[in-house]
Amino acid sequence: MHKQAPLNSVKLAVALRQSCIDEPYSVARFGRDLIAGITVGIIAIPLAMALAIASGVPPQHGLYTAIIAGIVIAVTGGSRYSISGPTAAFVVILYPVAQQFGVGGLLMATLLSGFFLLAMGMARLGRLIEYIPPSVTLGFTGGIAIVIATLQIKDFFGLHVAEMPETYVGKVEALVHALPSWQWGDTLVGVATLAVLLLWPRLRLPVPGHLPAVLVGVGLGFGLHQFGVDVATIGSKFSYTLADGTQGMGIPPIAPSLVMPWALPGPDGAPVEWNLAAIERLLPAAFSMAMLGAIESLLCAVVLDGMTGRKHSSNAELVGQGLGNILAPFFGGITATAAIARSAANVRAGATSPVSGIVHALVVLAAILVLAPWLSWLPLSAMAALLLIVAWNMSEAHKVVELVRRAPKSDVLVLLVCLSLTVIFDMVIAITFGVILASLLFMREIAKMTRLHDLAEHKRYAKELPDNSLVYKINGPLFFAAAERVFGELEAQVKGHRLLVLQMEAVSILDAGGLSAFLHFGKQMATAGVEVRVAELQFQPLKTLARAKVRPQPGKLEFYGSLEEALKGEHLHEAAEN
């Protein structure tokens, strides 16, 4: 049986040590990791550039992210199969930051988010992912997918939009107004790329569909260019200037080098003036990045656990993600997290350890050094087609439909609210409101389960019941949302009686609200001259009453070990005799 790190471990390189040191690492395993890494690296190259462009920065920053964060997180993280890099989920957060603060501001926000992630891992908050309901997760991922797909319309159709508004409604209006400027060449390339992406899986070939789809897009775009039809490409939109003054189009053919994030240009081309006020403006976005990164990376690890039967270390994974996002900005990398689609492809390609993640990053590095001139021919509409497929897969429409068809109405409401808030506002508002709404609805359902049952009609107790008395069983937890209602019902029923017997065997929880309601009810009964006998308390309610120093009061409030004793008042008689 293989060794597993404790789920609450925060040690570095847990996954790497487990898979390559604790378990024998053979040449055969390296061969499998090598093939898997090359496969995923081929997928990651166009996606990393497309996601960087969608996030509002030059494409090389996406490649730098896949290289630096891909290696750091693979080495230091807690999931042996995760592939980390830029992901589509971040686009809705990164794009506004890039527009407002430029590349420098985006890298600073990434750096801050890394510290948030590191703190979350060190505080052992990795298991908190379990407390986010599926309706919330599906809601905000569906909303993100809608926003991503909307942002791709511009490049897919070659529309001329001078500046994309911040709000979603504003984006839609700008796209509608720009429809007369559509370019049929860009659209043709986008449709051809999309068609290959949709049809390729039916061929059941081992080669991932991203590569042939992009090659078709490049070939078609080049052919149209020969006939005088301009198609927007990475080379036509982006340029670079090297340290020696060399200028070029597309992406620079050099490895990522050390840079200071705060020294990079802002939206106007000049370095951002960093002060406390500027950092405060970035903190909400950085926290959003950290929250989304934590959720997506841990969800990815859970999916991979289900595919492989292995267990990840959630806290170690957060620490690894934090370190990756701290180091990546110093080499031009933007925000990174584990990518579910690439990680799943990694598993299907035969990966056995984080070595495949390192190989994937080296493949991306090789592409920059060797293929940079050819990558500049990639059409922007082909990149948009890639992201449209990513957005569709991210939406998990089949799960949404299944939830709407089968889940309770409260879960459907949470899903729709989270989806709408993500599209209209942002992900943090959606998750916060969604979790609160889901919690309130859950508490309402649990409160409904706490009920009173009249035991006087039960044949077993009818004969033993003293005259002018009631006996009730309380089923369910007595917490703040249920206790007031339960004791209010008892108060209405007890009028005209002198004895109330409560069986509380089925009360598993008595919280502060339940305790307050119980004490208030006891005082009312004492004033009304009604004796209350409580039977069969469980440990937690008994402990709560003991901590509150609630003591028996002869003739007013008594506690019994069984319902039979409470009905006969045996403890009371024994006390009187003594």
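Not measured: the values here are computed from a predicted model.

About the thresholds
Residues numbered from 1 in each chain as written. Predicted model: local features only at pLDDT ≥ 70, side-chain atom pairs only at ≥ 80, totals over all residues. Heavy atoms only, no water. Helix = DSSP H or I, 4+ residues; strand = E, 2+ residues; numbered from the N terminus. Rg over C-alpha atoms; globule rule 2.2 N^0.38 Å. Buried < 20%, exposed > 50% of the residue type's maximum accessible area, 1.4 Å probe, protein only. Contact = heavy atoms within 4.5 Å. Areas by Shrake-Rupley, 256 points an atom, 1.4 Å probe, with all protein chains shown as cover. Lys, Arg positive; Asp, Glu negative; His and termini not counted. Charge placed at Lys NZ, Arg CZ, Asp CG, Glu CD. Domains from an automatic or database assignment. Disulfide = S-S within 2.5 Å. Core = buried A, V, L, I, M, F, W, Y, C linked by side-chain atoms within 4.5 Å. pLDDT = per-residue confidence, 0-100. Phe/Tyr/Trp six-rings, centres within 6.5 Å; stacked < 30°, edge-to-face > 60°. Pairing = 2+ DSSP bridges. Axes fitted to C-alpha atoms, helices over the stretch in contact; angles between N-to-C directions. Salt bridge = Lys/Arg side-chain N within 4 Å of Asp/Glu carboxyl O. Polar contact = N/O pair within 3.5 Å; in protein donor to acceptor, adjacent residues only side chain to side chain. Expected span 1.5 Å × (residues − 1). Bend = angle between axes of the 7 residues up to and from the residue. Parallel < 35°, antiparallel > 145°, perpendicular 65-115°, else oblique. Left-handed = near helix turned anticlockwise from the far one by under 90°. Nonpolar A, V, L, I, M, F, W, Y, C, P; charged D, E, K, R; others polar. Right-handed = clockwise from strand over helix to strand, strands pointing away.

## With respect to the overall build of the chain
- A count of helical and extended segments in the chain gives 23 helices and nine strands.
- The C-alpha atoms of the chain give a radius of gyration of 31 Å, which is well past the 25 Å a tight globule of 578 residues would have.
- With the principal axes as the frame, the chain shows a C-alpha extent of 105 × 60 × 55 Å.
- Taken over 578 residues, the chain has a buried fraction of 53%.
- Within the chain, counting contacts between residues at least 6 apart in sequence, those at least 24 apart form 79% of the total.
- Summing over all exposed atoms, the chain offers an accessible surface of approximately 26,600 Å²; the carbon and sulfur share of this is 64%.
- Charged side chains of the chain number 40 positive and 39 negative; the gap between the two group centres comes to 5 Å.

## Quick look at the domain arrangement of the chain
- Domain annotation of the chain identifies domain 1 (14–408) and domain 2 (451–574).
- Distance from the C-alpha centre of domain 1 to the C-alpha centre of domain 2: 59 Å.

## Points about the state of the cysteines
- Under the criterion given, the structure shown has zero disulfides.
- Looking at cysteine 20, it has no disulfide partner, and the nearest cysteine sulfur is the one in cysteine 300, 18 Å off.

## A look at the nonpolar core
- Counting 108 residues, the largest nonpolar core has Ile144 and Met289 as the members making the most contacts within it.
- Tallying contributions element by element places helix H4 (residues 91–122) first for this core, with 17 residues.
- Every residue in contact with isoleucine 144, bar those within four places of it in the chain, is listed here: Ala88, Ala89, Val92, Leu292, Met394, Thr422 and Met427.
- Counting residues in each nonpolar core, the second largest holds 28 residues, with Tyr472, Ile474, Ala483 and Leu500 among its members.

## Digging into the confidence of the model for the chain
- Residue-level pLDDT values for the chain average 89, and 95% of them are 70 or greater.
- Helix H23 (residues 570–577) is the least confidently modelled element of the chain, averaging 43 in pLDDT, while helix H3 (residues 60–76) averages 97, the highest of any element.
- With pLDDT under 50 throughout, residues 1–5 is counted as low confidence; its partners more than four residues away or in other chains account for nine contacts.
- Note that residues 571–578 has pLDDT below 50 and, in this model, ten contacts with residues that lie over four places away or in other chains.

## Notes on the packing of aromatic side chains
- Using the criterion set out here, one finds seven aromatic pairs in the structure.
- Ring-pair connections join several aromatic residues into one group, and the members of that group are Phe487, Phe518 and Phe521.

## Digging into the sheet that holds strand S5 (residues 451–454)
- With mixed pairing, five strands are arranged side by side in an open sheet as S5-S6-S7-S8-S9. Two strands lie at the open edges of the sheet, namely S5 and strand S9 (557–560), each paired on one side alone. Adjacent strand axes in the sheet meet at a mean angle of 25°, parallel and antiparallel pairs treated alike.
- The pairing of strand S7 (residues 499–506) with strand S8 (residues 531–535) spans five bridges and is parallel. Across the sheet, the residue bridging to glutamine 503 is alanine 535, located in S8.

## Some words on the pattern of salt bridges
- In this structure the tally under the stated criterion is nine salt bridges.
- Arginine 80 serves as the salt-bridge partner of glutamate 23, at 3.5 Å between the closest nitrogen and oxygen. Here the residue glutamate 23 occupies a position in the loop between helix H1 (14–22) and helix H2 (27–54), and arginine 80 occupies one in the loop between H3 and strand S1 (84–85), the gap between them amounting to 57 residues.
- The partner of glutamate 23 in a salt bridge is arginine 310, and the shortest N-O contact between them spans 3.0 Å. One end of the pair, glutamate 23, is in the loop between H1 and H2; the other, arginine 310, is in the loop between helix H10 (276–308) and helix H11 (314–327), with 287 residues separating them in the sequence.
- By relative accessible area, which is 14% here, glutamate 23 ends up buried.
- Accessibility expressed as a relative area gives 21% for arginine 310, which makes it partly exposed.
- Overlapping salt bridges bring together Glu23, Arg80 and Arg310 as one network.

## Quick look at the side chain of glutamate 296
- With respect to the element layout, glutamate 296 can be found in helix H10.
- It is arginine 342 that comes nearest to the buried, bridge-free glutamate 296 among opposite-charge side chains, at 6.9 Å.
- At 3.3 Å, the side chain of glutamate 296 forms a polar contact with the side chain of threonine 87.

## Quick word on H2
- Taking 1.5 Å per residue as the helical rise, H2 with its 28 residues ought to reach 40 Å, and the 40 Å between its terminal C-alpha atoms agrees with that figure.
- Of all the bends in H2, the greatest reaches close to 30° and is centred on alanine 44; the proline proline 46 follows between one and four positions later.
- At the C-terminal side of H2, glycine 56 shows a positive phi close to 90°.

## A look at the packing of H3 against H11
- Closest axis-to-axis distance for the H3/H11 pair is 8 Å, and the angle between their directions is 150°. Relative to H11, the element H3 lies roughly antiparallel. Crossing geometry of H3 relative to H11 is assigned as right-handed. Packed against H3, whose contacting residues are Ile68, Ala69, Val72, Ile73 and Thr76, the element H11 presents Ala316, Glu317, Gly320, Gln321, Leu323, Gly324 and Leu327 at the interface.
- Its residues placed into classes, the contact of H3 with H11 shows seven nonpolar, four polar and one charged.

## Thoughts on the pairing of S8
- S8 sits mainly inside the fold: five of its five residues count as buried.
- Of the two faces of S8, the one lined by Glu531, Arg533 and Ala535 and the one lined by Val532 and Val534 are each fully buried.
- Taken together, S7, helix H20 (residues 512–528) and S8 form a β-α-β motif whose crossover is right-handed.
- Relative to S9, S8 is paired through four bridges, and the arrangement is parallel. If you follow alanine 535 over to S9, its bridge partner there is tyrosine 560.
- In this fold, S8 hands off to helix H21 (residues 539–547), which returns the chain to S9; that crossover is right-handed.

## A short note on unusual backbone geometry
- The backbone phi angle of arginine 204 is positive, close to 55°, even though this residue is not glycine.
- With respect to the helices and strands, the residue arginine 204 is situated in the loop between helix H7 (184–199) and helix H8 (210–226).
- When its relative accessible area of 76% is taken as the criterion, arginine 204 is described as exposed.
- One non-glycine residue, glutamate 536, lies in positive phi territory at about 60°.

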